[in-house]
Structure formats: C-alpha cells, structure tokens
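Topology and contacts: notes
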Amino acid sequence: MKKQLLIYGSGRHTVPFINYMAQLTGKQKPNVCFLPTASGDDVEYINRFYEVCNQLEVNPHVIRVWINSYDQKETFEELIDKMDVIVVGGGNTLNMLAIWKAQGIDVALKKAYENGTIMGGGSAGSLCWTNGGTTDSRPAELSIVKGLSFINKSHCPHYNSEKSRRPLYHKNILEGNLTDGYACDDRSAIHFINEEVEKSISLDKENHSYYVYLKGEKIVEERIPNEILP
C-alpha cells in the first residue's frame, strides 16, 4: 500500500493543493477531511475549507475535537477510517499534538496513513508529519517541537515569509538539534511516496521547496525542481 503525504509551507487552504491530494486518491468524489485542531477548531478556518471544497469534486468533512460524547457517537478512529484525504490546518503545533495524543488521534492517523489515506497540510499541518522543526507554539521565541515522524526528516514551513525561520533552521541543523530535512516556501509543496520525495509542486515560479542538510561543517540548501500547478 502506498503511503502518501503532501506538505506545504502555509496553513492557508488553497484549491490547487487540496485538489492535488484529492486526485491522488483516484476516486471521482473522495472524502476529504479537515482537522482544524491546531486553530482550536476555528470557525472561519473551517468555513474557508468548505468554500475551497465547493469548487472541487469532493465530499468535505471536518473532524472537531471540541465535542462531547452525547452529540458525537462515532470514535475519532471510526471517522478517520472513512476518509480518503486528511488535511491538517495551521495553528499551535504543540497544543494540537498534545490533544491528538490524549484522544488517540495520532494512532488513528498512523493506521490510516499506512492503509493508504492521503495525508497533508501546511504550517502546523506540515510540521506534524515530520520528526521535528521549529514552532511558534510557545511564548517569547521559536522553539523545537517533535512531530509524529511519518517522515523521518525535519521540516521548516514559512521558509520565505518569516525572516527568522531560515537562519534558525540552518542553525539547528548545524548544532545537531534537528536532522537534515525539507523546507517549503508558503506556496510550495512536496509530495512524498513511502517517505521519498516524488516531486515538488508550486503555485508560482517564486515559491520553492528545498532539501537542507549538513555537509562537513556547512549547510547545503538544494532546491527541488518545481512543477507549477495551474
């Protein structure tokens, strides 16, 4: 069974990226599900997801975590098992991962991923799938967070839009705090199949994805060739 992921730099919903994931399923009208945990199940964020999905041939779903047992009779695992695509939104990565662990959502996602469900997202929604990166989830300054390690590489979102991200990412790889990994500009994405890079896709010629690693005592930043989406 293919294990597939699409990670991108920004947590904003875009028609091309969600459509790309939907097409990977090979289904005419796949079940595409949004997990807005990192934003506290933000209503405007959820509404934007539905607006994007209304432009596509998909069945949109949302899994909220701020629920109660009286109103929701299906478990999180049962809900996730019905989905063809899982899209994780941006927000507070640390809080999201803590909630997922408490609710068993992390285990359900891993099972679905291994069974062929397409996983993806941007910002917190891309960082969560990797072994770690820097996050703005704590007060005062960016700090390191460990992800679910579906891909055993580090990650840096917002590579071109937040000035502190790139130098801090390089510094942490140099110091051994993070492994080698992948960085994405806000409007660029990387498609992984079985933890290997399949391709980089972008919404324009100005946004790119990179493989960043240590060679000797220097950081090497290799741009991954882009396919521009229409």
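Please refer to the structure placed before this passage.
Residues numbered from 1 in each chain as written. Predicted model: local features only at pLDDT ≥ 70, side-chain atom pairs only at ≥ 80, totals over all residues. Heavy atoms only, no water.

What about the nonpolar core?
Within the largest apolar cluster, 35 residues are counted, with the highest numbers of intra-cluster contacts made by L35, I86, W100, L109 and W129. Ranked by residues supplied to this core, first place goes to helix α5 (residues 105-114) with five residues. Those residues in contact with L35 that lie beyond four places of it in its chain are I63, I86, V87, V88, G89, W100, I105 and L109. By size, the runner-up hydrophobic cluster in this structure holds 24 residues, among which are M21, A22, V52 and V62. (Core = buried A, V, L, I, M, F, W, Y, C linked by side-chain atoms within 4.5 Å. Buried < 20%, exposed > 50% of the residue type's maximum accessible area, 1.4 Å probe, protein only. Helix = DSSP H or I, 4+ residues; strand = E, 2+ residues; numbered from the N terminus. Contact = heavy atoms within 4.5 Å.)

Focus: the environment of A38
Turning to its location among the elements, A38 is positioned in the loop between β2 (31-35) and α2 (43-53). What makes A38 buried here is its relative accessible area of 9%. Measuring from C-alpha to C-alpha, the distance between A38 and D180 comes to 25 Å, with 142 residues separating the pair along the chain. The residues contacting A38, other than those within four sequence positions of it, are G89, G90, G91, N92, M96 and A124.

Notes on the packing of aromatic side chains
The description of an aromatic ring pair rests on the distance of the ring centres and on the angle between the ring planes. Considering all chains together, one arrives at 12 aromatic pairs under this definition. On the numbers, 5.2 Å between centres and 40 degrees between planes, the contact of W129 with F150 is tilted. Taken together, the residues W129 in the loop between α6 (124-127) and β6 (130-135) and F150 in the loop between β7 (143-145) and β8 (151-156) connect sequence positions 21 residues apart. Summarising the burial analysis for this pair, W129 and F150 share the class buried. An angle of 35 degrees between the planes, with centres 5.2 Å apart, marks the rings of Y182 and Y211 as tilted. Of the two residues, Y182 sits in strand β9 (residues 181-184) while Y211 sits in strand β12 (residues 209-215), which places them 29 residues apart along the sequence. Taken together, F34, Y45, F49 and Y50 form an aromatic cluster joined through their ring pairs. (Phe/Tyr/Trp six-rings, centres within 6.5 Å; stacked < 30°, edge-to-face > 60°.)

Section: the sheet that holds strand β11 (residues 196-202)
Strand order in the open sheet made by the eight strands is β3-β2-β4-β5-β1-β10-β11-β14, with mixed pairing throughout. Both outer strands of the open sheet, β3 (59-62) and β14 (226-228), are each paired with one neighbouring strand and no more. The sheet shows a mean angle of 20 degrees between the axes of neighbouring strands, taken without regard to direction. The pairing of β2 with β3 spans four bridges and is parallel. Bridge pairing in β3 links C33 to H61. The sheet contacts of α5 involve β1 (4-8), β2, β4 (85-88) and β5 (118-122), and relative to β5 the element is tilted by about 125 degrees. (Pairing = 2+ DSSP bridges. Axes fitted to C-alpha atoms, helices over the stretch in contact; angles between N-to-C directions.)

What to know about the packing of helix α4 (residues 93-103) against α5
At a minimum axis distance of 5 Å, the contact between α4 and α5 shows a crossing angle of 85 degrees. Considered as vectors, α4 and α5 are oriented roughly perpendicular to each other. Across from W100, K101 and Q103 in α4, the residues of α5 making contact are I105, D106 and L109. Class assignment of the residues belonging to the contact of α4 with α5 gives a composition of three nonpolar, one polar and two charged. (Parallel < 35°, antiparallel > 145°, perpendicular 65-115°, else oblique. Nonpolar A, V, L, I, M, F, W, Y, C, P; charged D, E, K, R; others polar.)

What to know about the pattern of salt bridges
Applying the stated criterion to the full structure yields 12 salt bridges. With a shortest N-O distance of 2.6 Å, K27 and D84 are connected by a salt bridge. Here K27 is found in the loop between α1 (15-24) and β2, whereas its partner D84 is found in the loop between α3 (76-81) and β4, with 57 residues between them in sequence. Of the residues examined, K27 reaches a relative accessible area of 48% and is grouped as partly exposed. A salt bridge links E114 to K110; its shortest N-O distance comes to 3.8 Å. In this pair, E114 and K110 are both assigned in helix α5, four residues apart and thus about one turn of the helix distant. (Salt bridge = Lys/Arg side-chain N within 4 Å of Asp/Glu carboxyl O.)

Remarks on α2
Since there are 3.6 residues in each turn of an α-helix, residues three or four apart along the chain are aligned in direction. Looking at α2, one finds that the buried residues are Y45, I46, F49, V52 and C53. Seen from one end, α2 has its buried residues packed into an arc of 120 degrees, which puts them on one side. Residues of α2 that are exposed and angled more than 90 degrees away from the buried face: V43 and E44. Where α2 is buried, its residues meet α1, β2 and β3. Of the residues that open α2, the one with a side-chain oxygen 3.3 Å from the backbone nitrogen of E44 is D42. (Arc of directions from axis to C-beta. Polar contact = N/O pair within 3.5 Å; in protein donor to acceptor, adjacent residues only side chain to side chain.)

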